[in-house]
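Remarks on the overall topology
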2 protein chains.
Amino acid sequence: MINKRLEQLTKNNSAIRAMFEEGNRLAEKFGRENVYDYSLGNPCVDSPEMVKDSIIDILSEEKSLNIHGYMPNSGYHFVRETIARNLNKNSKIAYGPNNIIMVVGAAGGLNCILQTLINPGDEIIVVAPFFVEYTNYIENWGGKTVIAQSEDDTFVLSTENIKEKINANTKAIIVNNPNNPTGVVYPEENINDLSQMLLEKEKEYGHPIYIISDEPYRELVYDGRDVPFIPNFYPDTIIVYSWSKSLSLPGERIGYLAIFPEAKDSTLIFNAASISNRIIGFVNAPSLMQRVVERCIECEPRIKEYDQNRKVLYNELTRIGYKCTYPQGAFYLWVKTPCDEEVFVEKAKELHLLLVKGSAFFKKGFVRIAYCVSDDMVVNSIHAFEKLWEAVNH
Amino acid sequence: MINKRLEQLTKNNSAIRAMFEEGNRLAEKFGRENVYDYSLGNPCVDSPEMVKDSIIDILSEEKSLNIHGYMPNSGYHFVRETIARNLNKNSKIAYGPNNIIMVVGAAGGLNCILQTLINPGDEIIVVAPFFVEYTNYIENWGGKTVIAQSEDDTFVLSTENIKEKINANTKAIIVNNPNNPTGVVYPEENINDLSQMLLEKEKEYGHPIYIISDEPYRELVYDGRDVPFIPNFYPDTIIVYSWSKSLSLPGERIGYLAIFPEAKDSTLIFNAASISNRIIGFVNAPSLMQRVVERCIECEPRIKEYDQNRKVLYNELTRIGYKCTYPQGAFYLWVKTPCDEEVFVEKAKELHLLLVKGSAFFKKGFVRIAYCVSDDMVVNSIHAFEKLWEAVNH
C-alpha cells in the first residue's frame, strides 16, 4: 500500500543495516579497537576552530530573527555574493549572487538541479563506478540513469564510452571530481576531451547537455594537485558543492549550486531551481550555517590526517601485493580484489575488516576502503590485510 | 527544455515576486513605517533566550564531530526519545524513538511522508482554504490533489464534504490544525466526526486512509484553548511538526514526523520515510538544531505579542464593519472581502496595506492578514483599514 519503490528500498536497505549491525556485533564481541571499519565515508577530523568561533560571533553580533529567520529560497544575498567572489578566482567569467543557490548539502543540491532539468523520459549519464544514490536522485524526478564505464585501470573519464551513451534524450551527465569511490582526480586533458565531445553533441542534437559537477571533495586533494574548474572548459556546467567534507559538517546539510552565467538558460535554471528548493521542501539551506560557511569561506580543510592514512594504506597494501589505484583526492582507496569480491568481503569480515564491495558502486571486482578513520586503526589493521591476502591466495 | 512544470511555476512565481517588489517600492517611496505588510507568515518575535544558550552549551560540551557529524537518517536516537516522551503526555499509546523521524521542517516532513505513501494515481484530500504549497508537494510524488471545502462561515472541517471526495484511490487527507489561513482551531467533536467517518471508509475500501496532521502552529493557541491530539481519535495518523513558529526558527529547517505506533504499517512507514528522508536529499535534519530543540522541548512559545495583535485587529476591524473569523490559533486573521477580492486587494495596496487574497488559498472572497508583525504597525494600520472600508463601500 505504501509507495512500491520505497517498499523495495526498505528491503535493499536491510543489507546495509545488516553490515552496520555486523560491525556493532563484532565490536561488542572483540572490542571496538579490534574492528577495522572502513565502510563509511564520514569525516573523522574535527571542524576547524573557526566554525565554532563563527557560531559564537554570529550569536553575539546578530539578532535572533536575522540568524534563524526566513530569507529568499536561494539563500542570503550576502552569502551568495561571497561564494560568487570566491568562485571567481577560478573563472574568467564572473559569477554573481544570482548564479548561486544555497542548498541542503550536495544531496539536496543534486535533487534540486535534477528536478529542475528532467522532463519525463530524459536520460542522465553517470560514470561507473559511482556513488549509488545518484540512481535514486534521478529516479525521484522521473529520469533514466544511463551508465558509462570509466577507463579501465586508470578510472578517468572515458570520452568514448560516454559518447556512445548520448542520444537525443540525454539531458545531463554527472561528473564527480575528485571521485568517490576511486580517489581519482580527472586531469585537465580528460575534462577537455569530454568537453569537446559534448560541445559537438550539443550541436548535433541542437540542445544543451549539462555537466552536473558534484564536487564535495574539491579541496580534499593531495600533493598540491589541481582540480580542473569545469566551467572553464564547458559553459553548460552546474557545480554542486557541499561543506560536508571540507569543514567536516556533514550533519548540518549546507552546500550550494553554482549555475555558470554563460550556461544556456542560466537565469531560467536559477529561478526554477530556487523554486525547486522551495517545493521539494528544503525551502532554504539552514540559516545559521549559511552565515557560518560565509565566514569560513577561506578556511583550509584539514587534509594532513587523511594524507597520512592514504600513504600508509597505499604503501602497505601494494607491498603486500594488492593492486590499488593511487588516490589523488577524497579519502578512498580503490582496490582490485584478488578473487571474487563477495568472497573477498566475507573473508575480510572474518578478519574484522569492513570494506564495501565494488558492485555497490556498479563496478564488480573491487572494494572501497574509506580511510577517513583514526591513524591508529589504519596501522593496527595492516596485519589483517596481510592475513586476508594469504587467505585468498592459498 | 527544463522541466515543464517548474518552468510554469517560474511564471506564476513572478506574481509573488511582483507583490514583494511592490512592497519594497512602496517602502522606498513612503518609508517602511508607512507600509503595512501583512502578507508573510514569518515569526516576528525573537527565539527564546534558551535557544542561544543551548547552542553555546552544546558547543562547549560536545565534540565537533558529535555536533556536526552524520547520524542515522531518522535523526539522533536521544533526540527522538525526548520527543517521543514529550508526545506521550497527549497519548494513551506510547510513542518510542522508532516512531519519530527528524525532518527538514514541516515542508521537508510533508514531502517525505507523501513520497512514502503515494503510488501513481493516489489521491490526497486537502481542506480549502489551505496552504497552497500542499499541491506542489503532492504533485512532486505523482499524487492527485482533491479539494474538499471546509464549513461555510465557521471554516471547521466538513465531514460531509470530505466524505464525498473519498474513493478507492484516496490515500490520505492533510489536516492543518490550528489552521493557516483561517486561524481556526478544529474542536474535538469536529475531529471525532471526521475520524468516525474515516474509520467507516477504511472498512468500506479495505485499506488505510491516513490523516497527515500538519501542526506547526500546535502551541500557538489563545485563551488556553486545547488542540485535539488526533491519534487519540484516529490511529492512522502521522503528525508533521516544525519548530519554525513555536521557537521562531523558520530558517533552520527543523521538525519531526511522528508515526502513531498503532497506525497500519507503522514500522514499514517509519523505515520507508527514513529512506525517503535520505534519497530526497535531506539525508538528515540539521544536526546542531536537533540537539537544540531537544534541550528546548519544554520551552513555551512567546504568544503574548501575537495575542495582542490578534485582539487589536479583530476588535478594530469588526468595529469598522469587516466580517472576520475570530482567530483561535496561528497568527492569521481571515476576513471576508466586502467586494470582489481582486478589487479589494488592489485598493488595499493603494492605502499601503499588503494583504493576500483568498484565491491564493483556493477560497475566493476573502483576504488573509498575517499579524506576525510589530504592534506599532498594527495600531498605525487601523486608519488605512478604515479608509479601505469607506473606499469599497461608497
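**Here's the deal with the packing of aromatic side chains**
Two aromatic rings, taken as a pair, are described by how far apart their centres are and by the angle between their planes. Following the criterion strictly, the structure yields 46 aromatic pairs over all chains and no others. Measuring from ring centre to ring centre gives 5.6 Å for A:Tyr217 and A:Tyr332, while their planes differ by 80 degrees; the resulting arrangement is edge-to-face. Linking A:Tyr217 in the loop between strand E6 (210-214) and strand E7 (237-242) with A:Tyr332 in strand E10 (residues 332-336), this pair joins segments that are 115 residues apart in sequence. Comparing A:Tyr217 with A:Tyr332, the two get one shared label, buried. Their ring planes at 85 degrees and their centres at 6.0 Å tell us that B:Trp334 and B:Phe361 sit as a pair that is edge-to-face. Note that B:Trp334 is positioned in strand E10 (residues 332-336) and B:Phe361 in the loop between strand E12 (356-357) and strand E13 (366-370), a separation of 27 residues in sequence. For B:Trp334, a relative accessible area of 0% puts it in the buried group. Take B:Phe361: its relative accessible area is 6%, and that puts it in the buried class. Positioned over the ring face of A:Tyr76 is A:Arg291, at 4.6 Å from the centre of the ring.

**A word on the pairing of strand E3 (residues 123-128) of chain B**
Residue and element names in this part refer to chain B. When you tally the buried positions in E3, you get 6 out of 6 residues, the bulk of the element. Burial along E3 is two-sided: the residues Glu-123, Ile-125 and Val-127 and Ile-124, Val-126 and Ala-128 are all buried. Bridging between E3 and strand E4 (residues 144-149) involves 6 bridges; their strand directions are parallel. Within E4, the residue paired with Val-127 across the bridge is Ala-148. Relative to strand E5 (residues 170-176), E3 is paired through 4 bridges, and the arrangement is parallel.

**Here's the deal with helix H2 (residues 49-61) of chain B**
Here H2(B) is 13 residues long and its end C-alpha atoms lie 18 Å apart, about the 18 Å a rise of 1.5 Å per residue gives. Turning to H2(B), its buried residues are B:Val51, B:Ser54, B:Ile55, B:Ile58 and B:Leu59. When H2(B) is viewed along its axis, its buried side chains cluster within an angular range of 130 degrees and face the same direction. Opposite the buried face of H2(B), by more than 90 degrees, sit the exposed residues B:Glu49, B:Ser60 and B:Glu61. Turning to H2(B), the residues buried within the fold contact helix H2 (49-61), helix H3 (64-68) and helix H10 (287-295) of chain A together with helix H3 (64-68) and helix H10 (287-295) of chain B.

**Here we look at the interface of chain B and chain A**
With 70 residues of chain B in contact, the opposing surface of chain A contributes 70 residues. A buried area of about 5,800 Å², summed over both sides, lies between chain B and chain A, and 59% of it is on carbon and sulfur atoms. Looking only at chain B, the three residues that lose the most surface to chain A are B:Met1, B:His68 and B:Tyr70, adding up to 12% of its buried area. Across the chain B-chain A interface, the total number found is 2 salt bridges. The closest approach of N and O atoms between A:Glu133 and B:Arg278, which form a salt bridge, is 2.8 Å. The tally of links between chain B and chain A comes to 42 residue pairs in polar contact (both at pLDDT 80 or more). Those elements that provide at least two residues to the side of chain B that touches chain A are helix H1 (4-30), H2, H3, helix H5 (105-117), helix H6 (133-140), helix H9 (266-279) and H10 of chain B. Per-class residue counts for the side of chain B that touches chain A are 34 nonpolar, 24 polar and 12 charged.

**A few points about the nonpolar core**
Core analysis: the biggest nonpolar cluster contains 143 residues, and A:Ile55, A:Met102, A:Trp243, B:Ile55, B:Met102 and B:Trp243 have the highest contact counts within it. When residues no more than four places from it in sequence are discounted, the contact partners of B:Ile55 are A:Ile55, A:Leu59, A:His68, A:Leu288, B:Leu288, B:Met289 and B:Val292. Formed by 36 residues, the second largest nonpolar core is a distinct cluster that contains A:Tyr36, A:Val45, A:Tyr306 and A:Ile320.

Conventions and cut-offs
- Residues numbered from 1 in each chain as written.
- Chains lettered and ligands numbered in written order.
- Predicted model: local features only at pLDDT ≥ 70, side-chain atom pairs only at ≥ 80, totals over all residues.
- Heavy atoms only, no water.
- Phe/Tyr/Trp six-rings, centres within 6.5 Å; stacked < 30°, edge-to-face > 60°.
- Helix = DSSP H or I, 4+ residues; strand = E, 2+ residues; numbered from the N terminus.
- Buried < 20%, exposed > 50% of the residue type's maximum accessible area, 1.4 Å probe, protein only.
- Lys NZ or Arg CZ within 6 Å of the ring centre and 35° of its normal.
- Pairing = 2+ DSSP bridges.
- Expected span 1.5 Å × (residues − 1).
- Arc of directions from axis to C-beta.
- Contact = heavy atoms within 4.5 Å.
- Buried area = accessible area lost by both parts, 1.4 Å probe.
- Salt bridge = Lys/Arg side-chain N within 4 Å of Asp/Glu carboxyl O.
- Polar contact = N/O pair within 3.5 Å; in protein donor to acceptor, adjacent residues only side chain to side chain.
- Nonpolar A, V, L, I, M, F, W, Y, C, P; charged D, E, K, R; others polar.
- Core = buried A, V, L, I, M, F, W, Y, C linked by side-chain atoms within 4.5 Å.

Such coordinate-based values are descriptive only and should not be taken to indicate function.
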